[in-house]
Amino acid sequence: MKLKVLSEKARAAIEAEFAKYSDKRSALLHALRVAQEEVGYLSEPAMIDVAELLDLTPVQVYDAATFYTLYHLKPVGRYVIQICKTLSCALVGAGPMIEHLRERLRIEVGETTPDGLFTLKRVECLASCGSGPMMQINDNYYENLTGEKIDRILDDLKREGKSSLASGPFQIPVLGEKR
Amino acid sequence: MPTYEKILLRNMEQPGYTGSLADYQKAGGYKALEKVLKGIPPAELIEMVKKSGLRGRGGAGFPTGMKWSFIPKDHPGPKYLCCNADESEPGTFKDRQLIERDPHQMLEGIGIASYAIGAHTAYIYMRGEFELGARIVQRALQDAYDAKLFGKNIFGSGFDLEIVLHRGAGAYICGEETALLESIEGKRGKPRTKPPFPATHGLYQKPTVVNNVETMANIPHIINRGPEWYAAIGTAKSAGMRIFSVSGHVKRPGNYEVPLGITLREMIYEHAGGIRNDKRLKAIIPGGASAAFLTPDFLDTKMDFESIAQAGSMLGSGGVTVMDEETCMVWAAMNLLEFFAHESCGKCTPCREGSSWLLQILRRIETGRGRMEDLDLLVSLSKRIEGKTVCAFGDAEIAPILSTLKFFKEEYETHIRERRCPYRSNVELVMSH
């Protein structure tokens, strides 16, 4: 079958998942992830391709795609900033950090900068409550945020496409390190 | 400060420990899996876990051995084990540490649990945001397969096991076990009506056990050191160690592994170092956002399933959120209702509609537009959600409201009478909208 937008590489990445399940449909979340990575967001043709590959109707694919927050149904910036606003982060200053991001990027929550670099999203708990305020940008967590740290991260990403301030594996708190 | 012998966090706190297969095996890893596969029949293994008193570490605290024993022994066809790595309960971040720092400990537990229930396929359902965790577990799985610790005929026992990492895509509700199964099946993560329970009609309608990451991580230790050893830790009904995630206004936020049954006071003032800037404590959520708020009057309550329940709350996921005297309780409840309104899956009307109505009322009180009759409205609306939904989410979303109303009613009244929040600046209000 001929795909509308997805590449043969994406097809292979999706089909490789089938063997892991007794039903092809179980590969749907993975397939949507692959499609989104390739196209940049889940366009209708991309979802139709996924439906084709998984023997589903486009509606079944759309139904799932609209349920999960990590799927973008509209184009997003190269860097998607998800800043946590839930209670533990809010108690230690997530509010001012969100304000800082809005001012610095000159966009509202949910918008993308005109240069297409950054999309700002305010999200619920990311399981980093002991190191708030925190945000996720694409694959990486950034924790214990301050305004200055946010500025450095955004500058790094603009300049080099990555930042050394990204968190590595879970940091164990050192006793005696008091705030 | 009292110190305890750590079990789950022990390896990773050794200097230089990377969580690699070599490091884990050097620390005695995969010995329990070998021991089990070479000589403990599944029925005996289930008895051992029952005897240890281990209860699920995800939130509900259901006895693990009993959960395993519900799987029909003579069932023809596949059975499944699912490891719940969807950690999303606000205030909880222990599983992320276990996944990222010592993945093989969890994998070994999954291997043993799968053997106990006769499953030849196990799925690890990991929340989609855990990119790093996914990479680490994928690598750990590859290494374990290469070392023939999983796959065909493990340790020459004839037992086969495939472990598959399945990634979610952003939905709190997928931590609910039947929603998790729907999500693995490639659907919206909506909880199923129970019964039937997953033990008989789980993934693809086959017998299935769903166990949390921390629960799995405990299993190898129970095998290595014996159920009697494990049962002697903690309290009579809440056995073993538990990792509590402490966050909010404490000096040392983090994960602390302690025996079940230490007091909230010890946790907050000893382990987590007390309240930041030496302010006064105002409120504690002892078990994740789904658990009712408690006040400093409960500091001497023991952190075990029974004692916290008796205090009117829930030990839940072990996420302890601490709030100081300057925290507005209406704002805190509103913040969590934003979470619940956003995460309600939409299946049950009382939960779907109720969460946004409750949020609307809280917003109007917090922004100075509340009415005294709103307080009764919050209660009557909550009572129309409680017990009227397919899963526990409905009961969870009313916990912050009913408990703050119970302990801090005068604070709600002040908001309404003075037509403003006595605590917040405008800047902080903006973020909650």
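A short tour of the structure in this document, coming up. Since the model is a prediction, treat every value here as computed from it, not as a measurement.

For the rest of this paragraph, the subject is the overall build of chain B. From N to C terminus, chain B includes 18 helices and 8 strands. At 22 Å, chain B has a C-alpha radius of gyration in line with the 22 Å of a compact globule built from 433 residues. Taken over 433 residues, chain B has a buried fraction of 64%. Taking contacts inside chain B between residues at least 6 apart in sequence as the whole, the part at least 24 apart equals 70%. By element, 52% of the accessible surface of chain B is carried by carbon and sulfur atoms, the whole surface being about 15,200 Å². Side chains of chain B give 54 positive and 52 negative charges; the mean places of these two sets differ by 2 Å.

On to the interface of chain A and chain B. Listed by partner, the interface residues are 54 residues for chain A and 73 residues for chain B. In this assembly, chain A packs against chain B so that about 5,300 Å² is buried in total across both faces, 58% of it on carbon and sulfur atoms. At the junction of chain A with chain B, the criterion picks out 5 salt bridges. Across the pair D139 of chain A and R135 of chain B runs a salt bridge, and its minimum N-O distance is 3.9 Å.

Looking now at the packing of aromatic side chains. In this structure the tally under the stated criterion is 19 aromatic pairs over all chains. A centroid spacing of 5.0 Å and a plane angle of 80° characterise the contact between F67 of chain A and Y68 of chain A, whose relative ring orientation is edge-to-face. Like F67 of chain A, the residue Y68 of chain A is buried in the burial classification. Ring pairs connect the aromatic residues Y21 of chain A together with Y80, Y123 and Y204 of chain B, which therefore count as one cluster.

So, about the pairing of strand β5 (residues 241–248) of chain B. Residue and element names in this part refer to chain B. Counting buried residues in β5 gives 8 out of 8 residues, a clear majority hidden from the surface. Of the two faces of β5, both are covered, the one formed by M241, I243, S245 and S247 as well as the one formed by R242, F244, V246 and G248. Bridge count between β5 and strand β6 (residues 254–259): 6 bridges; the pairing is antiparallel. Paired with S245 across the strands is N255, a residue of β6. If you look at the hairpin formed by β5 and β6, you'll find 5 residues sitting between the two strands.

Turning our attention to the environment of F18 of chain A. Residues and elements named next belong to chain A. On the secondary structure map, F18 appears in the loop between α1 (8–15) and α2 (28–39). A relative accessible area of 16% means that F18 is categorised as buried. Sequence separation between F18 and E37 is 19 residues; the distance between their C-alpha atoms is 19 Å.

This part is about the pattern of salt bridges. Counted under the stated rule, the structure contains 43 salt bridges over all chains. A salt bridge links K85 of chain A to E338 of chain B; its shortest N-O distance comes to 2.8 Å. Here E338 of chain B lies in helix α13 (residues 329–343) and K85 of chain A lies in the loop between β1 (79–84) and α5 (87–91), a pairing that spans two chains. Residues K85 of chain A and E338 of chain B agree in their burial class; the two are buried. Bridged by salt links that share partners, the residues K85 and E124 of chain A together with E338 and R363 of chain B form one connected network.

The rules behind each value
Residues numbered from 1 in each chain as written. Chains lettered and ligands numbered in written order. Predicted model: local features only at pLDDT ≥ 70, side-chain atom pairs only at ≥ 80, totals over all residues. Heavy atoms only, no water. Helix = DSSP H or I, 4+ residues; strand = E, 2+ residues; numbered from the N terminus. Rg over C-alpha atoms; globule rule 2.2 N^0.38 Å. Buried < 20%, exposed > 50% of the residue type's maximum accessible area, 1.4 Å probe, protein only. Contact = heavy atoms within 4.5 Å. Areas by Shrake-Rupley, 256 points an atom, 1.4 Å probe, with all protein chains shown as cover. Lys, Arg positive; Asp, Glu negative; His and termini not counted. Charge placed at Lys NZ, Arg CZ, Asp CG, Glu CD. Buried area = accessible area lost by both parts, 1.4 Å probe. Salt bridge = Lys/Arg side-chain N within 4 Å of Asp/Glu carboxyl O. Phe/Tyr/Trp six-rings, centres within 6.5 Å; stacked < 30°, edge-to-face > 60°. Pairing = 2+ DSSP bridges.

All quantities given are derived from atomic positions and should not be read as evidence of function.
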